[in-house]
Amino acid sequence: MNLFLLRVCEFGTGSEPALTDKGKRQAAMMAAFLKRQIGRVDIVISGTEAAAIETGEVMAAALGSYVATTTLLSTAMDQETLDEIDRLAQQS
């Protein structure tokens, strides 16, 4: 399994902050770059925050995939998080 980790793009403020216009442009540029580099992916795994899901949706659309969300990406990267990534990847 190849794993590419991306941070959420720029997001605004508020209780459910969404991507800013700049964040949407960042996501589109990163998605285009990844499409040129790797083509397609089986799954995009995202945290559950609105901006993270938005970023993931842009990536998934460009890379011919879908978004699976998990709360574990909102915490520290530990074995439990890696196990969850593996579980979601196996389901794809």
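This write-up is about the structure you can find in this document. Here the structure is a predicted model, which means the values were calculated and not measured. The numbers attached to residues start from 1 for each chain and follow its sequence in the written order. Residues qualify for local features only when their pLDDT is at least 70, as the model is predicted, and side-chain atom pairs are given and counted only at 80 or more; totals for whole chains, interfaces and linings, by contrast, use all residues. Computation of side-chain values: all heavy atoms of the structure, hydrogens and water removed.

Notes on the overall build of the chain
Every helix listed is a DSSP run of H or I at least four residues long, and every strand listed is a run of E at least two residues long, numbered separately from the N terminus. The number of helices and strands found in the chain is three helices and two strands. Secondary structure elements in the chain, listed N-terminal to C-terminal, are α-β-α-β-α. Computed over C-alpha atoms, the radius of gyration of the chain comes to 13 Å, within 12% of the 12 Å expected from 2.2 N^0.38 for 92 residues, which places it in the range of a compact globule. Its C-alpha atoms give the chain principal-axis dimensions of roughly 35 × 30 × 15 Å. Once local pairs closer than 6 in sequence are excluded, the contacts in the chain between residues at least 24 apart make up 49%. Roughly 5900 Å² of accessible area belongs to the chain as shown, and the carbon and sulfur atoms make up 53% of that amount. Asp and Glu are treated as the negative residues and Lys and Arg as the positive ones, with His and the ends of the chain left uncounted. To locate a charge, take atom NZ for lysine, CZ for arginine, CG for aspartate or CD for glutamate. Counting 8 positive and 12 negative side-chain charges, the chain places the averaged centre of each group 12 Å from the other. For the radius of gyration, the atoms used are the C-alpha atoms, and the globule rule reads 2.2 Å times the number of residues raised to 0.38. Contacts between residues were defined by any pair of non-hydrogen atoms, one from each residue, lying within 4.5 Å. The protein chains shown are the only cover counted for residues, whose accessible areas, like all others here, come from Shrake-Rupley with a 1.4 Å probe.

Observations concerning helix α1 (residues 21–38)
One less than the residue count of a helix, multiplied by 1.5 Å, gives the span that helix is expected to have. A rise of 1.5 Å per residue sets the reference length of α1, with its 18 residues, at 26 Å; its end C-alpha atoms lie 26 Å apart and thus fit the reference within 8%. Residues Gly-23, Ala-27, Ala-31 and Leu-34 constitute the buried set of α1. Angularly, the buried residues of α1 cover 75° about the axis, an arc narrow enough to put them on a single face. Exposed side chains of α1 directed beyond 90 degrees from the buried face belong to Asp-21, Arg-25, Met-29 and Arg-36. Here the buried face of α1 lies against α2 (50–63). Gly-39 sits one or two residues past α1 and shows a positive phi near 80°. Burial status follows relative accessibility: with a 1.4 Å probe on protein chains alone, a residue under 20% of its type maximum counts as buried, one over 50% as exposed, and anything between as partly exposed. The directions from the helix axis to the C-beta atoms form the arc being described.

Brief notes about a negative patch on the surface
Like-charged residues are merged into a patch within 9 Å and nonpolar side chains (Val, Leu, Ile, Met, Phe, Trp, Tyr) within 5 Å, provided each residue has over 30% relative accessible area and no salt bridge. The working definition used for a salt bridge is a side-chain nitrogen of Lys or Arg within 4 Å of a carboxyl oxygen of Asp or Glu. Together, Asp-78, Glu-80, Asp-83 and Asp-86 make up a negatively charged patch on the protein surface. Note that Glu-80 resides in helix α3 (residues 79–91).

Some remarks on the pattern of salt bridges
The tally for this structure, following the rule as stated, stands at three salt bridges. Between Glu-10 and Lys-22 there is a salt bridge, with the nearest N and O atoms lying 3.9 Å from each other. Placement of Glu-10 in the segment before α1 and of Lys-22 in helix α1 is noted, with a sequence separation of 12 residues between them. Among the ionic pairs, Glu-84 bridges to Arg-87, the shortest N-O distance being 2.9 Å. Here the residue Glu-84 and the residue Arg-87 both occupy positions in helix α3, the gap between them amounting to three residues, near one helical turn. A relative accessible area of 15% places Glu-84 in the buried class.

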